[in-house]
Amino acid sequence: MTQIINTVFEAQKQNKYALRLSTATERIDKLHLLKLTIEKYKSEIYGALQTDLRKSKFETAVTELIFISSEIDFAIKNLRSWMEPGYAAKSIVNFMARNRIYYEPKGVCLIISPWNYPFQLTMSPLISAIAAGNCVILKPSEFSSATSAVIAKIIKAAFNKNEIACFEGDESVSRTLLELPFDHIFFTGSTAVGKIVMKAAAAHLTSVTLELGGKSPVIIDETAKIKNAATKIAWGKLINAGQTCIAPDYVLIHESKIEEFISFYKSAAQDMFLNKNGLINESAYAKIINIRHFDRLTALIKDAVNKGAEIAWGGDSVLLEHTIYPTILRNVDFDCKIMQEEIFGPVLPVIPYTNPDTPIRMINEKSKPLAIYIFSESKANIKHLLKSTSSGGACVNDVLIHISNSHLPFGGANESGTGSCHGIFGFKTFSHERAVVFQSSMNISKMIYPPYDKKGWVLKILEKLM
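Just so it is clear, the model here is predicted, and its values are computed rather than measured.

**Focus: the overall build of the chain**
Stage number 1. For the chain, the count of helices and strands is 16 helices and 18 strands.
Stage number 2. For the chain, the C-alpha radius of gyration of 25 Å lies close to 23 Å, the compact-globule estimate for 466 residues.
Stage number 3. Principal-axis analysis of the C-alpha atoms places the extent of the chain at approximately 85 × 55 × 40 Å.
Stage number 4. Taken across its 466 residues, the chain has 53% of its residues classed as buried.
Stage number 5. At a minimum sequence separation of 6, the contacts of the chain that also span at least 24 residues come to 73%.
Stage number 6. Summed over its atoms, the accessible surface of the chain is roughly 21,600 Å², and 55% of this surface lies on carbon and sulfur atoms.

**Remarks on helix 10 (residues 258–273)**
Stage number 1. The end-to-end C-alpha separation of helix 10 is 22 Å, in line with the 22 Å expected for 16 residues at 1.5 Å each.
Stage number 2. Within the span of helix 10, buried status applies to Ile-258, Phe-261, Ile-262, Tyr-265, Ala-268, Ala-269 and Phe-273. Here the buried residues of helix 10 occupy an arc of 135° about the axis, which is enough to place them on one side.
Stage number 3. Against strand 8 (217–220), helix 9 (226–238), strand 9 (250–254), strand 10 (310–313), strand 13 (327–330) and strand 14 (347–353) lie the buried residues of helix 10.

**Concerning the UniProt feature "active site" (unreviewed entry) in the chain**
Stage number 1. As recorded in UniProt, the feature "active site" (unreviewed entry) lies at Glu-211 and Cys-245. The named residues occupy 35 residues along the chain; their greatest pairwise C-alpha distance, 8.9 Å, places them in one compact cluster.
Stage number 2. Along the chain, Glu-211 turns up in strand 7 (residues 207–211).
Stage number 3. Excluding anything up to four places from it in sequence, Glu-211 contacts Phe-186, Phe-187, Thr-188, Gly-189, Phe-410, Gly-411, Gly-412, Ser-416, Gly-419, Ser-420 and Cys-421.
Stage number 4. For Cys-245, the position within the fold is in the loop between helix 9 and strand 9.
Stage number 5. Exposure remark for Cys-245: the relative accessible area of 13% places this residue in the buried category.
Stage number 6. Setting aside chain neighbours within four positions, we find Cys-245 in contact with Asn-116, Leu-212, Gly-213, Ser-216, Glu-342, Phe-344, Leu-370 and Phe-410.

**Notes on the packing of helix 12 (residues 357–365) against helix 13 (residues 379–388)**
Stage number 1. One way to put it is that helix 12 packs onto helix 13 with a least axis distance of 10 Å and a crossing angle of 20°. For the element pair helix 12 / helix 13, the angle class is roughly parallel. At the point where helix 12 passes helix 13, the crossing takes the right-handed sense. Facing Asp-357, Ile-360 and Asn-364 of helix 12, the residues of helix 13 in contact are His-384, Leu-385 and Ser-388.

**Here we look at helix 8 (residues 191–202)**
Stage number 1. Compared with the 16 Å implied by 1.5 Å per residue over 12 residues, the 16 Å span of helix 8 between its first and last C-alpha is a close match.
Stage number 2. Taken residue by residue, helix 8 has Gly-194, Val-197 and Ala-201 as its buried positions. Burial along helix 8 is one-sided: seen end-on, the buried residues are contained in an arc of 60°. The exposed residues of helix 8 that point more than 90 degrees off its buried face are Ala-192, Lys-195, Ile-196 and Lys-199.
Stage number 3. Buried residues along helix 8 sit against helix 7 (171–178), strand 6 (184–188) and strand 7.

**Notes on the sheet that holds strand 15 (residues 371–375)**
Stage number 1. Pairing within the open sheet is mixed, and its 7 strands lie in the order 10-13-14-9-8-15-16. Both edges of this open sheet fall to strand 10 and strand 16 (393–396), since each of them pairs with a single strand only. Pairs of neighbouring strands in the sheet enclose a mean axial angle of 25°, with direction left out of account.
Stage number 2. The pairing of strand 8 with strand 9 spans 4 bridges and is parallel. Paired with Val-218 across the strands is Val-251, a residue of strand 9.
Stage number 3. Across the sheet, helix 10 lies against strand 8, strand 9, strand 10, strand 13 and strand 14, angled at about 165° from strand 13, the strand it touches most.

**Some details on the packing of aromatic side chains**
The way to describe two aromatic rings as a pair is by their centre distance and the angle between their planes.
Stage number 1. Considering all chains together, one arrives at 8 aromatic pairs under this definition.
Stage number 2. Ring centres 5.0 Å apart and planes at 70° place the aromatic pair Phe-9 and Phe-182 in the edge-to-face group. Of this pair, Phe-9 sits in helix 1 (residues 2–20) while Phe-182 is found in the loop between helix 7 and strand 6, placing the two residues 173 residues apart along the sequence.
Stage number 3. For Phe-9, a relative accessible area of 2% corresponds to the buried category.
Stage number 4. Put simply, the rings of Phe-74, Trp-82, Tyr-103 and Phe-427 pair up and form one aromatic cluster.

**Some thoughts on the side chain of Asn-290**
Stage number 1. Structurally, the position occupied by Asn-290 is in the loop between helix 10 and helix 11 (291–306).
Stage number 2. Looking at Asn-290, its side chain comes within polar contact range of the main-chain nitrogen of Arg-292, at 3.3 Å.
Stage number 3. Engagement of the side chain of Asn-290 in a polar contact is seen with the backbone nitrogen of His-293, the distance being 3.0 Å.

**What to know about the domain arrangement of the chain**
Stage number 1. Here the chain is partitioned into domain 1 (1–212 + 416–436) and domain 2 (217–403).
Stage number 2. Using C-alpha coordinates to define each centre, domain 1 is positioned 31 Å away from domain 2.
Stage number 3. Between domain 1 and domain 2 lies a buried interface of about 1,800 Å² when both sides are counted; carbon and sulfur atoms form 53% of it.
Stage number 4. Sorting the residues of domain 1 by area buried against domain 2 places Arg-54, Trp-115 and Ser-416 first, and these three jointly supply 37% of that buried surface.
Stage number 5. At the junction of domain 1 with domain 2, the criterion picks out 0 salt bridges.
Stage number 6. On inspection of domain 1 and its partner domain 2, the count reaches 13 residue pairs in polar contact (both at pLDDT 80 or more).

**Brief notes about a nonpolar patch on the surface**
Stage number 1. The grouping of Phe-58, Val-62 and Ile-66 at the surface amounts to a nonpolar patch, some 320 Å² of accessible area in total.
Stage number 2. Inspection of the secondary structure assignment puts Val-62 in helix 4 (residues 57–83).
Stage number 3. You can call Val-62 partly exposed: its relative accessible area is 39%.

**Brief notes about the sheet that holds strand 2 (residues 98–105)**
Stage number 1. If you trace the 3 strands from one edge of the open sheet to the other, you get 1-2-18, paired in antiparallel fashion. Edge positions in the sheet fall to strand 1 (86–88) and strand 18 (431–438), since each has one partner strand and no second. The average undirected angle you get between the axes of adjacent strands in this sheet is 30°.
Stage number 2. Alignment of strand 2 against strand 18, held across 8 bridges, turns out to be antiparallel.

Parameters at a glance
- Residues numbered from 1 in each chain as written.
- Predicted model: local features only at pLDDT ≥ 70, side-chain atom pairs only at ≥ 80, totals over all residues.
- Heavy atoms only, no water.
- Helix = DSSP H or I, 4+ residues; strand = E, 2+ residues; numbered from the N terminus.
- Rg over C-alpha atoms; globule rule 2.2 N^0.38 Å.
- Buried < 20%, exposed > 50% of the residue type's maximum accessible area, 1.4 Å probe, protein only.
- Contact = heavy atoms within 4.5 Å.
- Areas by Shrake-Rupley, 256 points an atom, 1.4 Å probe, with all protein chains shown as cover.
- Expected span 1.5 Å × (residues − 1).
- Arc of directions from axis to C-beta.
- UniProt positions renumbered as here; feature names shortened; annotations may be inferred.
- Axes fitted to C-alpha atoms, helices over the stretch in contact; angles between N-to-C directions.
- Parallel < 35°, antiparallel > 145°, perpendicular 65-115°, else oblique.
- Left-handed = near helix turned anticlockwise from the far one by under 90°.
- Pairing = 2+ DSSP bridges.
- Phe/Tyr/Trp six-rings, centres within 6.5 Å; stacked < 30°, edge-to-face > 60°.
- Polar contact = N/O pair within 3.5 Å; in protein donor to acceptor, adjacent residues only side chain to side chain.
- Domains from an automatic or database assignment.
- Buried area = accessible area lost by both parts, 1.4 Å probe.
- Salt bridge = Lys/Arg side-chain N within 4 Å of Asp/Glu carboxyl O.
- Patch = residues over 30% accessible without salt bridge, like charges linked within 9 Å, V, L, I, M, F, W, Y side chains within 5 Å.

Rendered as structure tokens:
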């Protein structure tokens, strides 16, 4: 495998110079081809995500296929304008010059994608890399092996290996790839692995984009419309069985609203994901990816309960089906593991507060989250919460939806990631912004260069302009 990877990498290194010269039309044609090939394999994608995560056809359509189709269309529509050199203002010392920003492909890029949205989170950065004119090697997750196999088929059918290639396999394949001097690495996954990727990239001074995770909090104040909030949070928390990097991780709620919230959350979750007999609706509710993550989640619940937490609802699990029921925890000790690590599952700690500064303090004591969600009808409260906290992104009176707008940058901050993607932000991520100055052909050196300013007139003028 190492020899094959090295051969493909060297072929892409040679080909990147040709791709640098590719036109907008040529790149758009490649995006059209990618979309057509995805459509050809659509039924296999549905089947693979059912196998890997028990995703329903509806959930796969909304969160994977339609998402990617829309992103391809957006890139095709806007690529010509993205590729046009940007204008920059003149400065005092080059007032006779024209200043431009050229967008150059970075070269040979590595995309390492995760298992939770295995199709979407592989194809999304690939679209940006193609739009920017790069060669790409993809490494999809071995945990979602059925989807990885379909991705490999799509790439093989649509592209030559010297432009885009896909390597399946375990972490040893990732290690082999990370030893190579890529021009850019785009990684989506856990913070712990993100640190490994960044360390490997540093050996070659390779630029990186890290889409990580973290504990994305929800703040619900006393003015919020609780039924609306609970319904949206239940959907955002429980879609893909909570295995979403921007899923609501825990709820900080004014103590006067906690009982009402729990009641509405239970009702919404039952309507969306449970049958009338109270059992999981397997045609609507995803499973936990594997036994390791199943055991991790059940251990988090057990640890919280052992330290005094109360299971307000749920808590059941079915090992053979890798299913953990929607669960609400209350009276959670802040020292328990579930409050220290990203949950990444359908378990929701609900924590009451009375002092409005408490949510701000709790959030700021932790690493910057990938997202913050605020539910409030008070403009003053919303403004204060946004100003007093930091996160990769934020939604007010909703959850998750910021990721669906290609006009917005999506990314983390510090431990929740670095860099951004989607739309022009993804195009720029895979591009080098090259500053180019077109100076006037006039000989102006005698006017502006110090050796010729013997009387100091130019210096006096410049000082007045400072």
